[in-house]
Each structure stands twice: as structure tokens, then as C-alpha cells.
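Each chain is listed here by its residues.
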Amino acid sequence: MSRKPQLQVVTANALISGHSVWLTASGGWSPRMGDARVFDDPQQAQAALAHATARSDIVVGAYLAPVRAGVAGPEPVHFREAFRRDGPSPAANAHPRS
Amino acid sequence: MYRYDEFDHAFLAERNRQFRAQVARRLDGSLSEDEFRPLRLMNGLYLQLHAYMLRVAIPYGTLNPAQLRKLAEIAERWDRGYGHFTTRQNIQFNWPRLIDVPDMLDALAEVGLHAIQTSGNTVRNVTADHFAGAAADEIDDPRPWAELIRQWSTDHPEFQFLPRKFKIAITGSPHDRAVTRAHDIGLRMLRRKDGAEGFEVIVGGGLGRTPMLGPVIRDFLPASDLLPYLEAILATYNLLGRRDNKYKARIKITVHENGLDTFRELVEARFAEIAPDFDRQTTAAELARIRAMFASPLLESKSEYAFHEAHQRDPVFRAWADTNLHPHRAKGHAIVTVSLKAHGETPGDATSEQMRLIADLAERYGHGEIRVSHEQNLILPHVARGDLPALHAALKAAGLATANAGLLSDIIACPGMDYCALATARSIPVAQEIATHFDRLRLEHDIGPLKIKISGCINACGHHHVGHIGILGLDRAGVENYQITLGGDGSEDASLGSRTGPGFAHDEIVPAIERILRAYLELRENRDETFLAAYRRLGAAPFKAALYEGNRADAA
Ligand code: SF4
């Protein structure tokens, strides 16, 4: 049985800001999902997750999120991840900054 | 309102000092996230989808201008210039940085506010009728009792690790604006014919995945027995409540599984045990001390000429006055609802600028009193009617004079998927789209009193079960899907809404609501028959027929 490999990224929240971040190919964390390293090997993904979880001085709550390949890098499969990537709906967060 | 004494201030300062040290130890790596998480939650700091969220308790929804200004300052200095008022009468800041939170807590402490017990399995912020101390229909101001409960339950050593969180609501009015039957404990003040004061005690209500309206455990509890009786309920629940299953841990399940009679017997037995030793003298003295701080402001009657003149001349003022005012117990006065529901805005959000303006207006026209309603509006409880035109003009200039209190667009919406880590769908955009759509149709005032309540997941923070129209956002195979319930009611005639049937996709929900409301306009006997009354008279059938007729609802 041949199946397309499930593509995954490691994502978390930054410890200090709490903002959503993604693990990059260089082992750093980016606020842009497009920068994320995409894993097609579940074992490698798990290992990266374990490594990220151990770095709890930088990020919190790391987990694997499924993605699909897009033109400008990985794209979310689930809408929750799209919200984490894009932030709140524009109208929900539109307040005149006083 | 309640003013902190030295003891209260010292307590807060010490708690904040501890948390500052805990944050430092988290940042330098001596505390792991697993160790730190319960500590931050004890101080109201959650981690949400895009950022941390700091939940600040506003005890029984009462604020003074200095406090509201401080919230405005905090929002500006350490957040993004706004705050979100919630159905728990709390305020949430959506974007704090971990390193700033100790400073935020110190700033809150300057005005006697904190975030303690806004999380965890403890007694949470005690909520109250937002018209308390002002409403014409009130027996007595419930807030001194709420404050007494707050003091008793804060840091209560026996009740820091309850089976689950615990919410108490209190009203001093027969018209229940505090949704008492949907709380773990609901308290309704009563005054018997012989003058004796007491409470009807409701236990085991709650919404969430197993919605239940709480039954009455005591018809009449003498007021002086309140704390020992609450203690008896909490102690019984603490022993009996299920700790094996998070979803069965709330007291509503405890009462349901054991039966009300058994639960009551255990509570009464415990009460009989502890009541004799309860220090009633100290409690009575404390209550008297608290009461003095809640004394009503001196409400002098003023000329109402300006009100009548504006009401005749200005249709915008008239629309606002007809919807956003509530009868005050004092002649010549009104309770003002400052709507945080401008069409298309996020329900319950206020910018720092708006908060400061409301603080100023409360000082100028409202004896320095402000309330937060569970319906996510702010209230100025004591305004002379003659001052209303000036107040309205000032509110209008800041986008705070939407004439919609109690109407269709006065929607409760939880943060949903825009912020909340537990959400299964968005709530805020649904509220915004409904509000702007019906505003365009100019139907809102014609439809009349209507409570729409939206939750972004089964936890029901948006109280959808008690909305006349409730909307619950779910995730159906990776797509947002919205279930509709009809006929819910959070008032003294409380009822839970019933599900209409299959849910609707995000882009189908506004037309779905419109079909229901067009049916209502057709079916109502006259303009005085509200949506809820029509629903109760006719039942669900005609509304369901309209909702699903010729419609491509998926069979979710
Ligand atoms: S109802 Fe669900 S989505 Fe809404 S605030 Fe509560 S937990 Fe979050």
C-alpha cells in the first residue's frame, strides 16, 4: 500500500512573547510558517519534536502539525493552523491603536 | 465599593513578588514549563493560540474610574491598546509578554485588582447582577455578600484544589440578570413577609458539554447562614466530586449522579456540624464594614428638561434612550448601558481611549461607578436623566453609543478560534457578520428584544445554551460548522435551548439566522410578542421549517 507521506512541521509558542513560531531548517524558530522545515519522515519529525520540547527555555508547547506543500512553502492543512499562521481575523483584532 | 485595607494590599504584594520570582526562574531555566504552568495559571496567565492571555478578575463586575484607567494604561503599555470584557465579568488582555506580566500585576495591585483565582480548580470571580445597587426591582444590593464570599474564598486553603473550577453568581433582584441557574452555585436574595432576609440557593447549574439548570437546594437560607452553608456545599463537593474524569468533575454532575436529595442531606449534615462553630460575630462585623463601602451615592433629583427636549428633537438620542436605559430605583435617574457592540466590532472589546473616556464620564455623570456586565457591556449605574443627552453625545463621539442593548446585535461572543486555544471554530466574525447584516437591513429595532449568544466550542463560554438563539461553532472534519439552538433563556424563567438539527457552514450562518428571524416577523402576534415569547407559544416546528426549507444544510 503506497501512501503519500504526511508532511509535518514543528510548531510552538515562543516562551517570552507567546507568539506562534515554527522550527526552521537551521534549527532556529521563525514567526513565519513559510520558513518552517518540512518533515516527510515521521521518525525525523518525532526526533525534531523531542529536541524542541527539550528546549523549553525558548519555546512552549511544541507539537507536530500536518501541512501540505504550497508554492511559497508549507501551508496548513487544518484551519486552526491557518489561524495560528495568520493571527486573528482582521476585523477581530482591528482596534484603533490609541 | 470595596476598598482594600493594609492586609489586602500586603497579601497582593507578596503574591506578586512570588510570581515575579517564579517568572525569573522560568526564564533562567530553573523551572520547566511543566513546573511553571500551574504557577502562571494560578496568576491568571494562560497561553492561547497566538500569545499569552492575562485574565484579570473584576469582582462582581464593579469598577471605579481609577481602576478602569489603570486597565486602559496596562492595555496601552504592555498590550495592544485594548482589553476584552468577558461573560465572567472579567477583562482579558490578549497579547502580554511573559516578562511584562509581573509589572502588569504590580500595576493592577496599585488599584486593588489582581488575576488570582481566574484559573484553576478554585472558586472563581463571584459574578453579580450588573445593575446591582441601582435597579428599581432590587430587594437589596447583593455586592456586599459577593465581597464577603470573595474574601472567604480567596486563598481558602481547603478549596484550592477542588475537583474542578467553581463559579458562584448572585442577584438581589427577582429579575435574574446574573444567570444564576447556570452556575455551580446561584444565590437569589429573598425577603420574607416577616422581613427576614435570606437566599434561595441553587446548586449544580452549568453550561459546557453537559448543560444543566441548577435545582434549588434550599428555598430559604437565612442570610447569616450564607458562609457556613456555602462552606458545607463546597466541602461536600470536594469529597464527593469526581476527580477521575475531567468531564464529570463539575458539581452539576456530582449533584446529578448522587441525586439532589442525597446531596442535600450530606450538605445539611455538614452544615449542622460546622455552623455552630462558625464565627458569626466576625462575619457580621465584616459584612457591616463592607456594607458601609457600598453605600449608595447621594442621588439628588435634577431637572429632566434636557432629557425630554433631546428625546423629542433627536431621533438618534431617542433610539438610544429607548434601548440602553434601565429603570433606576431613584427618581430622575437611569441605569445606562454603554454598548461595547458597535456593529461590526468585536463584542466586549474596548480600546484604552474608550476605557479612559468611560472613566471620565463615570466621574462626571455617574458618581464614579462602573459595572461590567456578563453581556460584555459596560454600565453606568447612576446617571441623572437630565445628564443623559450630554452623556450620549460624549459616548457617540467615541463609538460607544450604539442603540442596541438587549437587541439582536447585542451579541455575546466568546473569543473563539481568533484567540482561544480550545476553540473549534470562530465566534467573533460570526457576531460581526450578523450585526452588520441586520444593521444593513434596518431590521434590528423591528425585531426587538433578542439575545443571540455564540460559543466557539462546547465549553460554552458564550452561554449559547441560554441564548434565545444560540450558536455553537464546531469543527466538522476540518471545516467550521455552526449548530443552532433555539429557545434558551438565562433569566428567572431559565430554559436551555434545543438544537434545531444539522449545522451550517460559516458562510451559511447569517442567512440561516435571517430565515429564523423572518419567520418570527411573520409569525408574531404583534410587535409586543418577543422572539422568545413567540417561540414558547409556537414551539420549534415553524422556525425549523423556515430554517431548513429549501436549504442545502449539510447533514453534519
Ligand atoms: S467557548 Fe470554547 S472557544 Fe469560546 S472561549 Fe470558551 S473555551 Fe474558548
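Nothing here was measured: the structure is a model prediction, and the numbers come from that model.

A.B. asks: Mind showing me how you'd approach the overall build of chain B here?
C.D. replies: Secondary structure assignment for chain B yields 18 helices and 21 strands. For 556 residues, the compact-globule estimate of 2.2 N^0.38 gives 24 Å, and the C-alpha radius of gyration of chain B, at 23 Å, lies within 12% of that figure. Burial analysis of chain B (556 residues in total) assigns 63% to the buried set. For chain B, the share of sequence-separated contacts (at least 6 apart) that also reach a separation of at least 24 residues comes to 68%. Counting 66 positive and 73 negative side-chain charges, chain B places the centres of these two groups 2 Å from one another.

A.B. asks: Before we go on, may I ask you to explain helix H1 (residues 42-54) of chain A in this structure?
C.D. replies: Residues and elements named next belong to chain A. For H1, spanning 13 residues, the distance from its first C-alpha to its last is 18 Å, which sits close to the expected 18 Å at 1.5 Å a residue. Every buried residue of H1 is accounted for by Ala45, Ala48, Leu49 and Ala52. Down the axis of H1, the smallest arc covering the buried residues is 105 degrees, so these residues share one side. In H1, those exposed residues whose orientation departs by more than 90 degrees from the buried face are Gln43, His51 and Ala54. Summarising the contacts, the buried residues of H1 are in contact with strand S1 (7-14), strand S2 (20-23), strand S3 (29-30) and strand S4 (59-70). The residue sitting at the N-terminus of H1 and contributing the capping side-chain oxygen is Asp41; that oxygen lies 2.9 Å from the backbone nitrogen of Gln43.

A.B. asks: Looking at this structure, how should I read the site of the ligand?
C.D. replies: Around the ligand, the surrounding shell consists of Cys414(B), Pro415(B), Gly416(B), Cys420(B), Leu422(B), Ala423(B), Gly456(B), Cys457(B), Asn459(B), Ala460(B) and Cys461(B). Looking at the shell around the ligand residue by residue, the classes come out as 8 nonpolar, 3 polar and no charged.

A.B. asks: What's the story with the pattern of salt bridges in this structure? I'm lost.
C.D. replies: When the charged atoms of two side chains lie near each other, side chains of opposite charge can form a pair. Counted by the stated rule, this structure contains 49 salt bridges over all chains. Between Asp57(A) and Arg55(A) there is a salt bridge whose closest N-O contact spans 3.1 Å. The class for Asp57(A) is partly exposed, based on a relative accessible area of 38%. A salt bridge links Arg426(B) to Glu480(B); the shortest N-O distance between them is 2.8 Å. Residue Arg426(B) is found in the loop between strand S16 (412-413) and helix H14 (428-441), and its partner Glu480(B) is found in strand S19 (residues 479-486); the two are separated by 54 residues along the sequence.

A.B. asks: Is there a simple way to explain unusual backbone geometry in this structure?
C.D. replies: Note: most peptide bonds trans; most residues except glycine with negative phi. Phi angles above zero are rare outside glycine, and Asp155(B) is one such case at about 60 degrees. Here Asp155(B) shows up in the loop between helix H5 (143-153) and strand S7 (168-171).

A.B. asks: Teacher, can you tell me more about the sheet that holds strand S9 (residues 197-203) of chain B here?
C.D. replies: Whether parallel or antiparallel, the strands of a sheet pair through hydrogen bonds between backbone atoms. Residues and elements named next belong to chain B. With mixed pairing, the 5 strands of this open sheet are ordered in space as S6-S7-S8-S9-S10. Two strands close off the open sheet at either side, each with one partner strand: strand S6 (127-128) and strand S10 (216-222). Inspection of the sheet shows S6 paired to S7 by 2 bridges, in the parallel sense. Looking at the pairing, Thr127 lines up with Ala169 of S7. Across the sheet, helix H8 (residues 260-274) lies against S9 and S10, angled at about 30 degrees from S10, the strand it touches most.

About the cut-offs
Residues numbered from 1 in each chain as written. Chains lettered and ligands numbered in written order. Predicted model: local features only at pLDDT ≥ 70, side-chain atom pairs only at ≥ 80, totals over all residues. Heavy atoms only, no water. Helix = DSSP H or I, 4+ residues; strand = E, 2+ residues; numbered from the N terminus. Rg over C-alpha atoms; globule rule 2.2 N^0.38 Å. Buried < 20%, exposed > 50% of the residue type's maximum accessible area, 1.4 Å probe, protein only. Contact = heavy atoms within 4.5 Å. Lys, Arg positive; Asp, Glu negative; His and termini not counted. Charge placed at Lys NZ, Arg CZ, Asp CG, Glu CD. Expected span 1.5 Å × (residues − 1). Arc of directions from axis to C-beta. Polar contact = N/O pair within 3.5 Å; in protein donor to acceptor, adjacent residues only side chain to side chain. Near = heavy atom within 4 Å. Nonpolar A, V, L, I, M, F, W, Y, C, P; charged D, E, K, R; others polar. Salt bridge = Lys/Arg side-chain N within 4 Å of Asp/Glu carboxyl O. Pairing = 2+ DSSP bridges. Axes fitted to C-alpha atoms, helices over the stretch in contact; angles between N-to-C directions.

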